[in-house]
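# Inside the fold
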Number of protein chains: 8
Amino acid sequence: MIFENMDRIVFAGDSVTDMDSAQPVGEGLFDNLGIGYVRIVDNMLAAYYPELNIRVTNSGVSGNTSRDLLERFGRDVTSLNPDWVSICIGINDVWRQFDSPAMPDCQVLPQEYEQNLEKMILEVKGKVKGIFLLSPYYMEPNREDKMRRRMDEYVAICAGLAGKHGCMYVDFQKMYEDYCNIRHSAFIAWDRVHPNRVGATLMARAFLERCGFDYGHRASAS
Amino acid sequence: MIFENMDRIVFAGDSVTDMDSAQPVGEGLFDNLGIGYVRIVDNMLAAYYPELNIRVTNSGVSGNTSRDLLERFGRDVTSLNPDWVSICIGINDVWRQFDSPAMPDCQVLPQEYEQNLEKMILEVKGKVKGIFLLSPYYMEPNREDKMRRRMDEYVAICAGLAGKHGCMYVDFQKMYEDYCNIRHSAFIAWDRVHPNRVGATLMARAFLERCGFDYGHRASAS
Amino acid sequence: MIFENMDRIVFAGDSVTDMDSAQPVGEGLFDNLGIGYVRIVDNMLAAYYPELNIRVTNSGVSGNTSRDLLERFGRDVTSLNPDWVSICIGINDVWRQFDSPAMPDCQVLPQEYEQNLEKMILEVKGKVKGIFLLSPYYMEPNREDKMRRRMDEYVAICAGLAGKHGCMYVDFQKMYEDYCNIRHSAFIAWDRVHPNRVGATLMARAFLERCGFDYGHRASAS
Amino acid sequence: MIFENMDRIVFAGDSVTDMDSAQPVGEGLFDNLGIGYVRIVDNMLAAYYPELNIRVTNSGVSGNTSRDLLERFGRDVTSLNPDWVSICIGINDVWRQFDSPAMPDCQVLPQEYEQNLEKMILEVKGKVKGIFLLSPYYMEPNREDKMRRRMDEYVAICAGLAGKHGCMYVDFQKMYEDYCNIRHSAFIAWDRVHPNRVGATLMARAFLERCGFDYGHRASAS
Amino acid sequence: MIFENMDRIVFAGDSVTDMDSAQPVGEGLFDNLGIGYVRIVDNMLAAYYPELNIRVTNSGVSGNTSRDLLERFGRDVTSLNPDWVSICIGINDVWRQFDSPAMPDCQVLPQEYEQNLEKMILEVKGKVKGIFLLSPYYMEPNREDKMRRRMDEYVAICAGLAGKHGCMYVDFQKMYEDYCNIRHSAFIAWDRVHPNRVGATLMARAFLERCGFDYGHRASAS
Amino acid sequence: MIFENMDRIVFAGDSVTDMDSAQPVGEGLFDNLGIGYVRIVDNMLAAYYPELNIRVTNSGVSGNTSRDLLERFGRDVTSLNPDWVSICIGINDVWRQFDSPAMPDCQVLPQEYEQNLEKMILEVKGKVKGIFLLSPYYMEPNREDKMRRRMDEYVAICAGLAGKHGCMYVDFQKMYEDYCNIRHSAFIAWDRVHPNRVGATLMARAFLERCGFDYGHRASAS
Amino acid sequence: MIFENMDRIVFAGDSVTDMDSAQPVGEGLFDNLGIGYVRIVDNMLAAYYPELNIRVTNSGVSGNTSRDLLERFGRDVTSLNPDWVSICIGINDVWRQFDSPAMPDCQVLPQEYEQNLEKMILEVKGKVKGIFLLSPYYMEPNREDKMRRRMDEYVAICAGLAGKHGCMYVDFQKMYEDYCNIRHSAFIAWDRVHPNRVGATLMARAFLERCGFDYGHRASAS
Amino acid sequence: MIFENMDRIVFAGDSVTDMDSAQPVGEGLFDNLGIGYVRIVDNMLAAYYPELNIRVTNSGVSGNTSRDLLERFGRDVTSLNPDWVSICIGINDVWRQFDSPAMPDCQVLPQEYEQNLEKMILEVKGKVKGIFLLSPYYMEPNREDKMRRRMDEYVAICAGLAGKHGCMYVDFQKMYEDYCNIRHSAFIAWDRVHPNRVGATLMARAFLERCGFDYGHRASAS
């Protein structure tokens, strides 16, 4: 697995990352890490690799667009000196275009999204062991749906930047699409955005696969 | 308009009808009628037709399937001696098939749905001035979606029974489909089922149109 | 209808406008717009004119007199760059003269009321497409009642300024008077000031009529 | 004063009597007596006549009509073996006719009101030292108001029964009319029914005057 | 009666004056005046003298000693431009000597008490129509009790300053002593300090007697 | 010390015994034993005599008179098969005579008190290793105080029954009298009845002294 | 994997199983399954095997001993017609012997434990596809600790019954022992009993391994 | 006993000292002192030595390491001018090494612990009558346990500094070890750190023994 003892991973994002975590940054005891995929990643690492102490930090804030996240990125991500940074942003950039069509100042259009995301990448690139880009998504299997179509543009931007900057890329849109071929999205998320714990488990699985996580791993006592 | 002074209308249904109304039956002062389409219908009748005292009763209970509603129909609808009865049921019959696929005893299949709905109709037919059937719906424009396909079966059953028994039929599925051609469902309902107040306004509009409601009506003082 | 796509309307006022809206300024998702006439206007616009994205902002604050509103008018109205401004103020200017007779510094007398209201008008006149003046009111049909007599002075001032400055005027006092000829004010408002949702529906109706709202309007998908 | 040591007075009524008292019957320590006129009567008796132990019991229940009160009169009044009984009922009998015009089963018409009230009187007449009838009221100075006109019928019935059965009669309608000649009803009650503490003080004053209460009384230690 | 139309009275004090009033200064609508003797004084003035608008302000703060009150006297009393000032302070000065004997910095000894109280008097003397000194008290009939003996020193200081500066003096200690000759203090106050509403009624009575309040007064409409 | 391993002690009483314990009977983990003298006795036994497992049960219920306690004595004391029973009752029998003088049915007079207490003693006498009678008390050093005088009658009855039936007697009245010779009752109890934790410590000390509790005891591990 | 489509698994147990699940039996939407190992098992099954609908039911109740569980086993387990039953009980049987040594009736000794557990096994044996016995445990690595020693007796009984009746056995005691060789128990559970989510993840892992769960499994859409 | 009339003792520490006390410093009435050993010490002093007024101040703050306590030591201890200072710190210094192994910045290693503790001692040494060092502890009888082994290093540092600076030393680790030879730690503390009230009683006992506290002491009235 790619993580080493005493590595620190900071997960930046919106409500999907946040999931009731301490604000604006949560880690350590109790429910500070929230109840979403970040918590499950932390649980899995600690349960399967007890010999590795890996510090997981949740810098997700509900409702954030890429513009909001960029604004607090220095304080809530870079200044924490992470070894690894994970960014999952863009859902609200798109969503506001459909649930608040009369409020353009709440919306972040593709060009700005790309700029915001690239600025974040550049802020930590070279200072960390690796950057994860977790794609935004909309659990809508119908590719003709307007919000899905719009989201696909953002997913493409995210994938493009991952390639351009050598980030590890996790395609949540693809993962949910595959899953919804079998089970209806109603099983995972009422609003096709906020996953229940089954969804969070799927997201953690996708993330960990990208990290070389070995489910069969067992540690010996030191 | 079809309602006369001192008429009583009882609206039976699930959470879409209920919307925080008093349980199991709500009417009269304060928020007893809830905050959904039933309340808006009541507000519109009282505001535009002040010379007509029309009693509106909300017999919606969240989570009800047609099986649940049938069980309490005598107590919560028939025994109230309504002049008009409105039934809007079936969404949970379908939804449980997709969000709880492992729990078949929570699901109501089409054949039982038809029987349940027809029993309710027969229980009040002939005792009331008229019966409204408001179709169940899923605000999913993609007709290939599995839950939408399933819902279409129930909508068809509902429409069929309306025709068979001479009920006034309101096609909410069609109404939402038209609306979602223009605005995305995310604007109306997070989960494509529970409408916000814009959705409730649309439902009230559709209902009132079926009643010959005249927006230009003005009363003179008696 | 007079509103165009992407227009912004800001409703300034007191508790009658506020009605549990976000403070000091509410708009967008959830219940930020409160539950009074502003919300109903927003719901009606979105439900009947889905092809028009109109931004509705609630700048009502409970308990405000015209003096209080003037003080925050720059921050909560003008700086928002509205296309349309609606002002409904004056009820508390009068009410405090009757419920707090020993506290003259809480009361706003007619001369100051006129000055306050005119200052607000002048602050936005020429910058916006139109200004609505919604009259204060007291749902007291007895014109000999002292508070009703006093309110009539303020209503007259409001009407006078509307004429002087070419504002669109909505006479809530007249509207409620007509309604109370048929139903008792006890049906609409316990205190003859704060309307229940039937009253809010009446106020929204009166406002929308002034805007050329067409209840028969239907949009085609773009 | 008419009360003697160890006398028990039971006050029956609706929300005006209840005023947050213990339900259905309140007396003794803490706030069991509520915060309305009953509490002030109790306070005045104890403060000005400390040598007399007088037991005051509040049997007011919010929302009660004369029909509701009659139903529980045996349990909440007669069975307590009072020395004196005070009845203040009828406001909701009238109010429901105006705030819930479509719900006739919530309304109590004059003929039934008279029967209900007389039944209560007869249930305790002869068993107690005296019966107080406190008139219902509506703090509406305009006698042409429909609800005031209606209330006047009930006040007249109440006065008539007081005369017929030798009850002590307190005319709250008259008392409030006099007061509202000087101060506006907005100073006393938002809804012209539920008095604030100034109103409760006025009601207690009117009650105590009927009892020969002496404000100048001072007791000597036994 | 000594108060005139539009007079303002400010009541300064500790928890006995405060009694859940708005902090630090309460007046006007709702429960801003608290539920103690200040509220009853206000209620009595408004109920018996409706033709006089008298503004009552509660500047009581729970736990205040004379040292605490002096510190905020400018802000909470003088700057309000009262016509009349009432001061009731000293109970906590004494109480802390008995419930917190190890914490001398919480206690205010007699010499400082006298200085504090006189400074307050001098701050408003000459600027107001009159000053009320309401004595501190301990509802302990046993004059040999140590706290009662201590309190008697403070009562004497208070009475002395009233005489020296021509203040109107109300002797609550004497009033409670008389009352407790008849009823046990347990009837009025669990802790012999904080009166229930019977006690508050007694205090209001004692205050109003000092003001020439006429219980038989009735106003005619203007 | 008189208690042996696996002995069970049940403490019956009123609010002084109860002190927020589980209702009607509390024991075991968490705060089931309340926070009064019973808890401290339990803490002391467990801390100083760890080798003895002694089961302490709190059967105190706030507001109980001896009449109330007698009524539930079978269920809450006898049926628990205690080895030792402690009874502390009578305060409310007396208190109600002073704080609720008009409600004689809440009061328990001396003759009934003696009967009630003796019935309780007889119900367990012979079935248990020993009975403790803890005297009621009023922390009023002035023996001329009416409530203290009355309480002294009950204390004497309690002491008399202890002698007659060979119960272990703890004189809380005497204990508090001694303490209040040094510190004022205000230090221990606001209302001279409900002790703070210093008072509870005093009561536990007095109880334990009667049991031969040895503060110097230390156990060796078994 | 051993589970088939539409299988139902019922997990019976104490607080370790319960973990805030609906009471007494929880399943389906929202947090009805609690937040412990049962929820994680359900999440893993649904996430990795979406083509299998497996119904998971949580019949854990906090504080249950084997005696308590046996008493409700018919209602909460057998009557649900499970295909698989999992039992994890015994921790409280032991714990009460150490935290409540004076309350023997709360404790379940080894002989009774064995009888209770065997009765449960026999109640479902032959009616279900398989029975899981999950051992009780105490996260205490020191085998000389008295409670650990005691627990080892119960673990042995549990293992013995699993062998005797052909149940699938999961040795949580061994699993935690291995883990605590690497990380201190303070990382997993404050009280060495109630696991945090890392612990719950470990328990789910141990359970799933016994079921032939394949982490690499992926389903194809039907 | 070593304390004299009007002495002030300040107890500094972490959650074991804090135990719900007022933050950051608690003393005086109500529950300001919390519910732990500090409260019991205060109760014992006041109950057994009523002639001595001793001021007890709780400066415990939950979660504090020695680093945190040192940072606030000036404000919360020295500036209060204590006569005696008690310090009980170090548990969290150790605990974080085991429950948060990946977060080294939350952990305080032995060398820093010694420096922090010595700085606190030096800050008050010479200014006070005496300094108490209360050892940190872990109620773990197994000396091979890693956290116990680590704690033993801190206990040794604490003891060493006590000897070096002439502080009064209380060995809580030893005291708990002796107690746990007889009763299991589960009886005293779920997490082997936070004592229940039996544990707090043990700690108070150990502290008071160090002070020459005489359980047989009785005061005479002055």
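Note that residues are indexed from 1 along each chain, following the sequence as it is written. Naming scheme: in the order in which they are written, chains are lettered from A and ligands are numbered from 1. Local features in this predicted model are restricted to residues whose pLDDT is 70 or higher, and side-chain atom pairs enter the listing and the counts only when it is 80 or higher, whereas totals over whole chains, interfaces and linings include all residues. Side-chain calculation: all heavy atoms of the structure are included, whereas hydrogens and water are not.

## As for the relation of the copies chain G and chain A
For the pair chain G and chain A, the relating rotation is 180°, the translation along its axis is 0.0 Å, and the fit reaches an RMSD of 0.0 Å. Look at the turn and shift together and you get a two-fold axis relating the two. Residues of chain G ranked by C-alpha distance from the rotation axis are headed by Tyr 215 of chain G, positioned 3.5 Å from it. By the convention used here, residues are in contact when the closest approach between their heavy atoms is within 4.5 Å. Taken as a fraction of all interface residues of chain G, those also at the interface in chain A reach 100%, which identifies the copy contact as same-surface. Superposing the copies works by least squares over the C-alpha atoms of residues that have pLDDT at least 70 in both of them.

## What about the environment of Ile 9 of chain C?
Residue and element names in this part refer to chain C. Runs of E in the DSSP output that reach at least two residues are strands. Runs of H or I that reach at least four are helices, and both are numbered from the N terminus. With respect to the helices and strands, Ile 9 occurs in strand β1 (residues 8-13). Ile 9 sits 68 residues away from Val 77 along the chain, and the two C-alpha atoms are 9.7 Å apart. Not counting the four nearest positions on each side in its chain, Ile 9 is found in contact with Phe 3, Leu 45, Ile 54, Arg 55, Val 56, Thr 57 and Trp 84.

## What to know about the sheet that holds β1 of chain C
Residue and element names in this part refer to chain C. The parallel open sheet is built from five strands, whose spatial order is β2-β1-β3-β4-β5. The open sheet terminates on both sides in strands that have one partner only, identified here as β2 (55-60) and β5 (168-170). For this sheet the average axis-to-axis angle between neighbouring strands, irrespective of direction, equals 15°. Criterion used throughout: strands pair if DSSP finds at least two bridges between them. Each axis is a line fitted through C-alpha atoms, and for a helix only the stretch in contact is used; angles between axes span 0 to 180 degrees, taken between their N-to-C directions.

## A word on the interface of chain G and chain A
Contacts between the two partners involve 34 residues from chain G and, on the opposite side, 34 residues from chain A. Roughly 2900 Å² of surface becomes buried between chain G and chain A when both sides are summed, with 55% attributable to carbon and sulfur atoms. Two parts placed together each lose some accessible area under a 1.4 Å probe, and adding up what both lose gives the buried area. Considering only the surface of chain G that becomes buried against chain A, Ile 182, Arg 197 and Arg 205 of chain G emerge as the three largest contributors, covering 24% of it. Just to be clear on terms, a salt bridge is a Lys or Arg side-chain nitrogen sitting within 4 Å of an Asp or Glu carboxyl oxygen. Applying the counting criterion to the chain G and chain A interface returns four salt bridges. In protein, a polar contact means a hydrogen-donor-capable atom and an acceptor-capable atom, both N or O and within 3.5 Å, with residues adjacent in sequence counting only if both atoms are side-chain atoms; elsewhere, any N or O pair within 3.5 Å suffices. Joining chain G to chain A, the criterion identifies 16 residue pairs in polar contact (both at pLDDT 80 or more).

## Topic: the relation of the copies chain A and chain B
It takes a turn of 180° to lay chain A on chain B, together with a shift of 0.0 Å along the axis; the resulting RMSD is 0.0 Å. Interface overlap between copies: 100% of the residues of chain A at the interface are likewise at the interface in chain B, consistent with a symmetric, same-surface contact.

## Observations regarding the interface of chain A and chain B
A common way to state how big an interface is: give the accessible area lost once the parts meet. Listed by partner, the interface residues are 19 residues for chain A and 19 residues for chain B. For the pair chain A and chain B, the summed buried surface comes to about 1600 Å²; carbon and sulfur atoms form 54% of the total. Contact with chain B buries surface across chain A, with His 184, Trp 190 and Arg 192 of chain A losing the most and accounting together for 33% of the total. Arg 192 of chain B is paired through a salt bridge with Glu 140 of chain A; the nearest N and O atoms lie 2.8 Å apart. Here chain A and chain B share eight residue pairs in polar contact (both at pLDDT 80 or more) between them. Mapped by element, the contributors of at least two residues to the side of chain A that touches chain B are α4 (91-99) and α6 (146-165) of chain A. Just so you know the grouping, Ala, Val, Leu, Ile, Met, Phe, Trp, Tyr, Cys and Pro go in nonpolar, Asp, Glu, Lys and Arg go in charged, and all remaining residues, Gly too, go in polar. Here the residues of the side of chain A that touches chain B are counted per class, giving nine nonpolar, three polar and seven charged.

## With respect to the pairing of strand β4 (residues 130-134) of chain H
Residue and element names in this part refer to chain H. Whether a residue is buried, partly exposed or exposed follows from its accessible area with a 1.4 Å probe, protein chains only, as a fraction of its type maximum: under 20%, in between, or over 50%, in that order. Of all the five residues making up β4, five are buried; the element is thus mostly covered by neighbouring parts of the structure. Both β4 and strand β5 (residues 168-170) contribute to a ladder of three bridges, which runs parallel. Following the sheet pairing, Leu 133 is matched in β5 by Tyr 169.

## A short note on the pattern of salt bridges
With the rule as written, the count across this model stands at 176 salt bridges over all chains. Between Asp 76 of chain E and Arg 75 of chain E there is a salt bridge, and its shortest N-O distance comes to 2.6 Å. Assessed through its relative accessible area of 2%, Asp 76 of chain E is described here as buried. The salt bridge partner of Asp 105 of chain E is Arg 55 of chain H, with a shortest N-O separation of 3.1 Å. Of this pair, Asp 105 of chain E sits in the loop between α4 (91-99) and α5 (110-124) while Arg 55 of chain H sits in strand β2 (residues 55-60), on two different chains.

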